[in-house]
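Commentary on secondary and tertiary structure
So the chains spell out like this:
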Amino acid sequence: MNTALARALRRVRALLPGRADYAAMLGSPRRDLLAGLTVAVVALPLALGFGVSSGLGAEAGLATAVVAGALAALFGGSDVQVSGPTGAMTVVLVPIVAEYGPGGVLTVGLMAGVLLIVLAVARAGRSMRYVPAPVVEGFTLGIALVIGLQQVPSALGVPRPEGDRVLVVTWQAAREFAKAPDWTSVGLAGGVALIMLLGARRRPTVPFSIVAVAAATLATQVFPLDADPIGDLPAGLPAPSLDFLDVSALGSLLAPAVAVAALAALESLLSATVADGMTVGRRHDPDRELFGQGLANLAAPLFGGVPATAAIARTAVNVRSGASSRLAALTHAVVLGLIVLAAAPLVSRIPLAALAGVLIATAIRMVEVGSLRAMARATRSDALVLVLTAAATLALDLVYAVVIGLVVAGALALRAVARQARLAEVDLAADLPGEHSAEERSLLALHIVAYRIDGPLFFAAAHRFLLELAEVADVRVVVLRMSRVTTVDATGALVLKDVVERLDRRGIVVLASGVRPEQRQALDSVGALDLLRREGRTYATTPEAIAGARAHLRGAGLLPAPGRTGEPGPDPGRVREEASR
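Residues numbered from 1 in each chain as written. Predicted model: local features only at pLDDT ≥ 70, side-chain atom pairs only at ≥ 80, totals over all residues. Heavy atoms only, no water.

What follows covers the overall build of the chain. Across its full length, the chain holds 26 helices and 8 strands. Compactness check: the chain gives a C-alpha radius of gyration of 34 Å against a globular reference of 25 Å for 581 residues, more than 25% above the reference. For the C-alpha atoms alone, the extent of the chain along its principal axes is close to 115 × 60 × 50 Å. Scored against the burial criterion, the 581 residues of the chain give a buried share of 51%. Contacts in the chain between residues at least 24 apart in sequence constitute 84% of all its contacts with a sequence separation of at least 6. Accessible surface computed for the chain: about 26,800 Å², of which carbon and sulfur atoms make up 61%. Within the chain, one finds 52 positive and 46 negative side-chain charges whose respective centroids are separated by 5 Å. (Helix = DSSP H or I, 4+ residues; strand = E, 2+ residues; numbered from the N terminus. Rg over C-alpha atoms; globule rule 2.2 N^0.38 Å. Buried < 20%, exposed > 50% of the residue type's maximum accessible area, 1.4 Å probe, protein only. Contact = heavy atoms within 4.5 Å. Areas by Shrake-Rupley, 256 points an atom, 1.4 Å probe, with all protein chains shown as cover. Lys, Arg positive; Asp, Glu negative; His and termini not counted. Charge placed at Lys NZ, Arg CZ, Asp CG, Glu CD.)

Glancing now at unusual backbone geometry. Across the chain, the bulk of peptide bonds are trans and the bulk of non-glycine residues have phi less than zero. Positive phi, close to 60 degrees, is recorded for Arg 123, a residue that is not glycine. Note on placement: Arg 123 falls in the loop between α5 (87-121) and α6 (133-150). Using a relative accessible area of 52% as the deciding quantity, one classes Arg 123 as exposed.

In this structure, Thr 315 sits in helix α13 (residues 312-320). By relative accessible area, Thr 315 is classed as buried at 1%. Put simply, Thr 315 and Ala 272 are 43 residues apart on the chain and 8.4 Å apart in space, counted from C-alpha to C-alpha. Other than its neighbours up to four places away in sequence, Thr 315 contacts Val 80, Gln 81, Val 82, Ser 271 and Ala 275.

Let us look at the packing of α6 against helix α16 (residues 352-366). Following both chains from N to C, one finds α6 and α16 inclined at 160 degrees, their axes separated by 8 Å at the closest point. It follows that α6 is roughly antiparallel to α16 by the angle criterion. Where α6 crosses over α16, the two elements pack in a sense that is left-handed. Residues Thr 140, Ile 143, Ala 144, Ile 147 and Gly 148 of α6 form the contact with α16, whose own contacting residues are Leu 359, Ile 360, Ala 363 and Met 366. Broken down by class, the residue content of the contact of α6 with α16 amounts to 7 nonpolar, 2 polar and no charged. (Axes fitted to C-alpha atoms, helices over the stretch in contact; angles between N-to-C directions. Parallel < 35°, antiparallel > 145°, perpendicular 65-115°, else oblique. Left-handed = near helix turned anticlockwise from the far one by under 90°. Nonpolar A, V, L, I, M, F, W, Y, C, P; charged D, E, K, R; others polar.)

Quick look at the packing of aromatic side chains now. Evaluated as defined, the whole model comprises 1 aromatic pair. Considering the side-chain rings of Phe 177 and Trp 183, the 5.1 Å spacing of their centres and the 85 degrees angle between planes classify their relative orientation as edge-to-face. (Phe/Tyr/Trp six-rings, centres within 6.5 Å; stacked < 30°, edge-to-face > 60°.)

Over its 18 residues, α6 extends 26 Å from the first C-alpha to the last, a length consistent with the 26 Å expected when each residue adds 1.5 Å. Taking burial as the measure, the 18 residues of α6 include 15 buried ones, the bulk of the element. (Expected span 1.5 Å × (residues − 1).)

Direction vectors running N to C along helix α3 (residues 29-54) and α16 enclose 100 degrees, while the axes themselves pass 9 Å from each other. Our classification of the angle between α3 and α16 gives roughly perpendicular. Each of Pro 45, Leu 46, Leu 48, Gly 49, Phe 50, Val 52 and Ser 53 in α3 lies in contact with α16, whose residues at this interface are Leu 352, Leu 355, Val 358, Leu 359 and Thr 362. Of the residues assigned to the contact of α3 with α16, the class counts are 9 nonpolar, 3 polar and no charged.

Attention shifts here to the environment of Ala 20. Position of Ala 20 relative to the elements: it lies in helix α2 (residues 19-23). A residue is classified by how much of its surface remains accessible, and Ala 20, at 62% relative accessible area, is exposed. Separated by 103 residues in the primary sequence, Ala 20 and Arg 123 place their C-alpha atoms 22 Å from one another.

This part covers a nonpolar patch on the surface. On the surface, Leu 384, Leu 388, Leu 396, Tyr 400 and Ile 404 cluster together into a nonpolar patch covering about 430 Å² of accessible area. Of all elements in the fold, only α18 (380-395) and α19 (398-420) reach the threshold of two or more residues within the nonpolar patch. Mapped onto the secondary structure, Leu 396 falls in the loop between α18 and α19. (Patch = residues over 30% accessible without salt bridge, like charges linked within 9 Å, V, L, I, M, F, W, Y side chains within 5 Å. Salt bridge = Lys/Arg side-chain N within 4 Å of Asp/Glu carboxyl O.)

Structure follows, in structure tokens:
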């Protein structure tokens, strides 16, 4: 017990940042401070918008950006990663809010934080490499669609209908708008989105989201426009509290917490991988990243924040702005905290429609048309996985979508591997030892058949081998060449055992050659080699197996004895008749 505890403590210590991490923050402080300021300007409307979309309000989004952003920057596994509320997490939170209320969301955040820390200690961060690219692209597309549709009620200026199914809510909002159209909110949302999209093309370095939101807010103050504002915000973060925690509901909230933790891990590690690709010589530590996100999600709910994850868009802005250390992401959190303290009255006047426009533009920019086209053109399997994942995200939720994508991708990959497995009949001539007359060669070809197994002998392909081998007829010996078998599982071993027993019952001797040591464990575990080993029918090489087959045929009187190859052999008709018995 003490040894296990000591091992766990060593793993936790390995996840903590070291002196070198903090020393790097002093390398280029001016550049990091400017990058952090730039990211904060970009992150402000996103934090407000995602807070509103989650159902907990704009203040929850700001609290998440400040608290989670600071802790993930200090303890995460990437030097340039930026964390906070994200659209993907909002997609998962909306049904949780509808079913359990705000307190349930905060409790889920705490539980997800614990789960992320457990994953970090268990060194599960490296599993991200096994997520196929079509699944990633599919759920990114699905998230973008859901984020955009979630903004329809605010963009149309109608109250948000009840429900957690985005397609149903969108349809009901459109029906309400059609009853009494008011184009003010539509104009604000469309104008903000248009400014962001067109401005980003011409001047990518300018934070057009702030420019557009400020213009929309100013317009509602100067002109008599009917647009709902965000509402009053607290001047500062609330004091830490556990009043929301309902211990009796922990059991029912476990499944949502697992979903939130899975999404936080997936999106954070994906974002860190993207950040590595945008920098030179940087590699994130996936387990430390999970640890940092775990601490962030433990702390954010205490201040009224929603579950957080790394944000790919804000991380990209951070890198492009010249960030070189954790100081940039930390500065982003501090600047947002100062805004909460000093400018809460101004922020509270921002129209909800303007934030809807920000998120609609963000959703559009999330869709990489080039990547989608490349995946769709790669293979039909990749296209199918992408479309299914995106559709499941839209119709179900993100976690189910990822599971569906992984299951379908795995099934298609298994089918592709199974198709690579081959059972081919091979010519004996190349493996015949010694000199042989034409007559003996014809007799050997008459009584012996050799098959070579290429590829994996596993559950997805093994039964096809059984069907092919079971049809063998009119021979006395079957030689199985197994030197090219790449892997054997229990199903493959059982099928091989069944083949040997079936052929043996029919009087057909089975010989095996080239069985590798790493394959013997699976074969021995089910007794697949027992009969062959007992009868001395396993050989190191194929020529040795052919020699053993010749000896068997001589013992059966079907081949002439050594030294008599020039004498007339047995009548071919009689031999064929005996062989068929």
